[in-house]
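Residues per chain are reported as follows:
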Amino acid sequence: CPVWSGDNSSCGEVSGRGVCQDVVPSNSPVGAQFPFLGIDDRENWPIVFYNRTCQCQGNFMGYNCGECRFGYTGPNCTVRRNMIRKEIFRMTTAEKDKLIAYLNLAKRTTSPDYVIATGTYEQMNNGSNPMFADINVYDLFVWLHYYASRDAFLEDGSVWANIDFAHEAPGFLPWHRFFLLLWERE
């Protein structure tokens, strides 16, 4: 599990932020809409890439429990924070320019915390040939959205097109809400 730099322990365990635990994927059936099994690397996400993760406690979140849960701030994530989002058509020119400047900065800033997979699990030879690359912050979010909605790669090298787990499923609204909250935080 990743180390939180605040106390140099996995998941900030020494500070009570979280604990490292095994990832236990759901064994619920995927449903008739996905007639394949054991093919797409998203089926048992994330254990095709890692099998332990941080379980954050209280108001802590993030890959290493080093951030505050949405709506909280402060050194111990105990201060409630209300966010007010301005409707884009009501933004001033200066506010719009600031937004564009941050988007441009995201395109020029390498993510300090995340890399992306540049191949499928099968191409990585069951994990023995890791294929990952650094990515800028903007393209990380493009990649996250793509990964959730891309076609499924089948075992014979063909593609099952028009399957979109991010848009054609019950998780559409909560997935996009979380995606936008992460984007806003970044």
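Given the structure is predicted, the values throughout are model-derived calculations rather than measurements. Residues take numbers from 1 onward in each chain, read along the sequence in its written order. The predicted origin of the model limits local features to residues at a pLDDT of at least 70 and limits the giving and counting of side-chain atom pairs to 80 or more, whereas totals for whole chains, interfaces and linings rest on all residues. Computation of side-chain values: all heavy atoms of the structure, hydrogens and water removed.

### Observations concerning the nonpolar core
Put simply, the test is: Among buried residues, the Ala, Val, Leu, Ile, Met, Phe, Trp, Tyr and Cys ones that are joined through side-chain atoms within 4.5 Å form a nonpolar core. Using a 1.4 Å probe on the protein chains alone, a residue whose accessible area is under 20% of its type maximum counts as buried, one over 50% counts as exposed, and one in between counts as partly exposed. Contact definition: two residues touch when any of their heavy atoms are within 4.5 Å.
The biggest cluster of nonpolar side chains holds 8 residues, and these are Cys11, Cys54, Cys56, Phe60, Cys65, Cys68, Tyr72 and Cys77. With residues near it in sequence (within four places) discarded, Tyr72 still touches Asn59, Cys77, Thr78, Val79, Arg80 and Arg81. Counting 7 residues, the second largest nonpolar core, distinct from the first, contains Ala117, Met124, Ile135 and Tyr147.

### Topic: the packing of aromatic side chains
Operational definition: Each Phe, Tyr or Trp ring, with Trp reduced to its six-membered ring, pairs with another whose centre is within 6.5 Å; inter-plane angles below 30 degrees give stacked pairs, above 60 give edge-to-face pairs, and intermediate values give tilted ones. Counting from the N terminus, the helices are DSSP H or I runs at least four residues long and the strands are E runs at least two residues long. Note on criteria: charge over ring means Lys NZ or Arg CZ within 6 Å of the ring centre, with the direction from the centre no more than 35 degrees off the ring normal.
Within the structure shown, the criterion is met by 7 aromatic pairs. For the ring pair Tyr138 and Trp183, a centre distance of 5.8 Å and an interplane angle of 75° mean the geometry is edge-to-face. Within this pair, whereas Tyr138 is found in helix 2 (residues 137-149), its partner Trp183 is found in helix 3 (residues 172-185), the two being separated by 45 residues in sequence. Residues Phe141 and Phe179 carry aromatic rings whose centres are separated by 5.7 Å and whose planes lie at 70° to one another, so their mutual orientation is edge-to-face. In this pair, Phe141 sits in helix 2 while Phe179 sits in helix 3, placing the two residues 38 residues apart along the sequence. Accessibility classification places Phe141 together with Phe179 in one group, the buried group. Among the aromatic residues, those joined into a ring-pair cluster are Tyr138, Phe141, Trp175, Phe179 and Trp183. One cation-aromatic arrangement involves Arg17 over Trp4; the distance from NZ or CZ to the ring centre is 3.8 Å.

### A short note on helix 3
Basically, it comes down to this: One less than the residue count of a helix, multiplied by 1.5 Å, gives the span that helix is expected to have.
With 14 residues, helix 3 should reach 20 Å at 1.5 Å per residue; the first-to-last C-alpha distance of 20 Å fits that figure. If you check which residues of helix 3 are buried, you get His176, Phe179 and Leu181. Here the buried face of helix 3 lies against helix 2.

### What about the UniProt feature "domain: Tyrosinase copper-binding" (unreviewed entry) in the protein chain?
Where we set the bar: UniProt positions are given in the numbering used here, feature names are shortened, and annotations may be inferred rather than shown by experiment.
In the numbering used here, UniProt assigns the "domain: Tyrosinase copper-binding" (unreviewed entry) feature to residues 167-184. In residues 167-184, helix accounts for 72% and strand for 0%; the two terminal C-alpha atoms are 20 Å from one another.

### Description of the packing of helix 2 against helix 3
Defined as follows: Angles here are taken between N-to-C directions and fall from 0 to 180 degrees, while the axes themselves are lines fitted to C-alpha atoms, restricted in helices to the stretch in contact. Oblique is the label for every angle not falling under 35 degrees (roughly parallel), over 145 degrees (roughly antiparallel), or within 65 to 115 degrees (roughly perpendicular). Residue type decides the class: Asp, Glu, Lys and Arg count as charged, Ala, Val, Leu, Ile, Met, Phe, Trp, Tyr, Cys and Pro as nonpolar, and the leftover types, Gly among them, as polar.
Taken N-terminus to C-terminus, the directions of helix 2 and helix 3 make an angle of 170°; their axes are 11 Å apart at the nearest point. In this view, helix 2 runs roughly antiparallel relative to helix 3, as classed from their interaxial angle. Here Val137, Tyr138, Phe141, Leu144, His145 and Ala148 of helix 2 come into contact with helix 3, specifically with Trp175, His176, Phe179, Leu182 and Trp183. For the contact of helix 2 with helix 3, the per-class residue count stands at 9 nonpolar, 2 polar and no charged.

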